[in-house]
Amino acid sequence: VRKRIIRAEKMEVVSHLAASISHEVRNPLTASRGFMQLLEQHHLPLEKRKEYIRIAVEELDRAEAIITDYLTFAKPAPECVEKLNIKTEIERVIDILRPLANMSSVEIQTSLIPLHVKGERDKFQQCLLNIIKNAIEAMPNGGLLDIYVSLDKNNVLIRISDTGVGMTGEQIERLGEPYFTTKGTKGTGLGMMVVYRIIESMNGTIKITSEVNKGTQVCVYLPLIQSLPRTSSSTRKEKILAY
Ligand code: ADP
Ligand code: MG
């Protein structure tokens with residue numbers, strides 16, 4: 001039984017997200033191209049031919065996985081910082097991941113409140129996607145995904161819990177380190193690095209608690225911004241009651 005906590009500050013890594021992507025995607029594309037060129041050889045035994053095709057496809061899948069970890073919500077227009085309703089954003093990401101959850105018989109349970117934080121919408125959604133996708137992938141034989149929102153002093157707390165494979169202390173330590181993955185060729189080891197960078201850019205923190213074969217809890221804390229516009233106290237009260 002191991003429990004550890006880490007914080008977003010730990011990872012002060014590298015530059016801007018967008019700059020990393022072409023670099024990350026180019027490697028698997030080049031590798032895939034190389035194996036396809038090898039296929040041109042005459043007299044290549046069938047076994048070799050099959051192996052090269054398998055590797056080329058694997059590399060293409062890797063390029064796709066990297067794009068998923070970085071760019072699922074990217075749009076052509078430059079992003080701006082706006083007021084985000086975390087309930088709406090979480091629901092959007094759950095909709096996208098529901099088919100993946102269904103494939104592994106993962107039940108999704110939520111308790112969400114419409115609190116507001118400041119950030120770039122695409123990045124915030126990407127961050128939620130990467131955390132929630134990991135939670136689902138940790139439960140290949142089914143389980144419970146629980147997403148819970150509450151207020152913790154002046155912070156919004158988003159807690160994402162799974163009943164999956166869990167992590168050892170050493171694995172938690174390495175979380176967010178580029179290319180650290182336990183998923184073999186299916187993993188990129190980039191998802192959590194992206195998460196840490198986004199949370200950091202939103203002045204938030206992240207805490208992870210995990211127990212092997214029991215599950216993992218990821219707690220994201222983000223500064224709350226007021227949901228209601230500043231008005232006179234009487235109208236303000238009415239609005240709160242209406243809400
Ligand atoms: P990837 O998902 O491509 O492996 P990530 O950076 O998203 O890369 O995650 C890195 C590693 O952290 C995973 O391979 C896994 O070992 C571990 N991990 C992350 N989230 C969880 C979780 N909810 N439960 C168990 N292990 C996790
Ligand atoms: Mg991942």
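Everything here concerns the structure above.
These figures come from a predicted structure and were not determined experimentally.

Engineer: Which residues make up the nonpolar core, and what values go with them?
Structural biologist: If you look at the biggest cluster of nonpolar residues, it comprises 49 residues, and the most contacted ones within it are Ile132, Leu145, Ile147, Ile158, Ile206 and Ile208. A per-element tally of this core places helix H4 (residues 121–137) first, with eight residues.

Engineer: Requested: an account of the pattern of salt bridges, with residues and values cited.
Structural biologist: Evaluation of the coordinates by the stated rule reveals 14 salt bridges. The salt bridge partner of Asp122 is Lys75, with a shortest N-O separation of 2.8 Å. Highlighted residues: Asp122 in helix H4 and Lys75 in the loop between helix H2 (46–71) and strand S1 (81–85), separated in sequence by 47 residues. Notably, a salt bridge pairs Glu211 with Lys214, separated by 3.6 Å at the nearest N-O pair. When salt bridges that share partners are traced, they join Glu79, Glu120 and Lys123 into one network.

Engineer: Go over the site of ligand 1 with me, naming the residues and quoting the values.
Structural biologist: The local shell around ligand 1 holds 18 residues, among which Thr181, Thr182, Lys183, Thr188 and Met192 are the closest. Take Thr182: an N or O atom from its side chain is 2.4 Å from an oxygen atom of ligand 1. Separating an oxygen atom of ligand 1 from a backbone N or O atom of Met192 is a distance of 2.8 Å. Protein chains bury 94% of the 530 Å² of accessible surface belonging to ligand 1 in isolation. At a threshold of 2 Å from the grid points, most atoms of ligand 1 map onto the largest pocket.

Engineer: Residues and numbers for the packing of H2 against H4, please.
Structural biologist: The N-to-C vectors of H2 and H4 enclose an angle of 125°; their axes lie 8 Å apart at closest approach. As the angle between them shows, H2 and H4 are arranged oblique. In contact with Thr68, Asp69, Tyr70 and Leu71 of H2, H4 contributes Gln126, Leu129, Asn130 and Lys133. Of the residues belonging to the contact of H2 with H4, the class tally is three nonpolar, three polar and two charged.

Calculation rules
- Residues numbered from 1 in each chain as written.
- Chains lettered and ligands numbered in written order.
- Predicted model: local features only at pLDDT ≥ 70, side-chain atom pairs only at ≥ 80, totals over all residues.
- Heavy atoms only, no water.
- Core = buried A, V, L, I, M, F, W, Y, C linked by side-chain atoms within 4.5 Å.
- Buried < 20%, exposed > 50% of the residue type's maximum accessible area, 1.4 Å probe, protein only.
- Helix = DSSP H or I, 4+ residues; strand = E, 2+ residues; numbered from the N terminus.
- Salt bridge = Lys/Arg side-chain N within 4 Å of Asp/Glu carboxyl O.
- Near = heavy atom within 4 Å.
- Polar contact = N/O pair within 3.5 Å; in protein donor to acceptor, adjacent residues only side chain to side chain.
- Areas by Shrake-Rupley, 256 points an atom, 1.4 Å probe, with all protein chains shown as cover.
- 1 Å grid on protein atoms, 1.4 Å probe; cavity = no way out; pocket = protein on both sides within 12 Å on 5 of 7 lines; lining within 4 Å.
- Sits in = over half its atoms within 2 Å of the grid points.
- Axes fitted to C-alpha atoms, helices over the stretch in contact; angles between N-to-C directions.
- Parallel < 35°, antiparallel > 145°, perpendicular 65-115°, else oblique.
- Contact = heavy atoms within 4.5 Å.
- Nonpolar A, V, L, I, M, F, W, Y, C, P; charged D, E, K, R; others polar.

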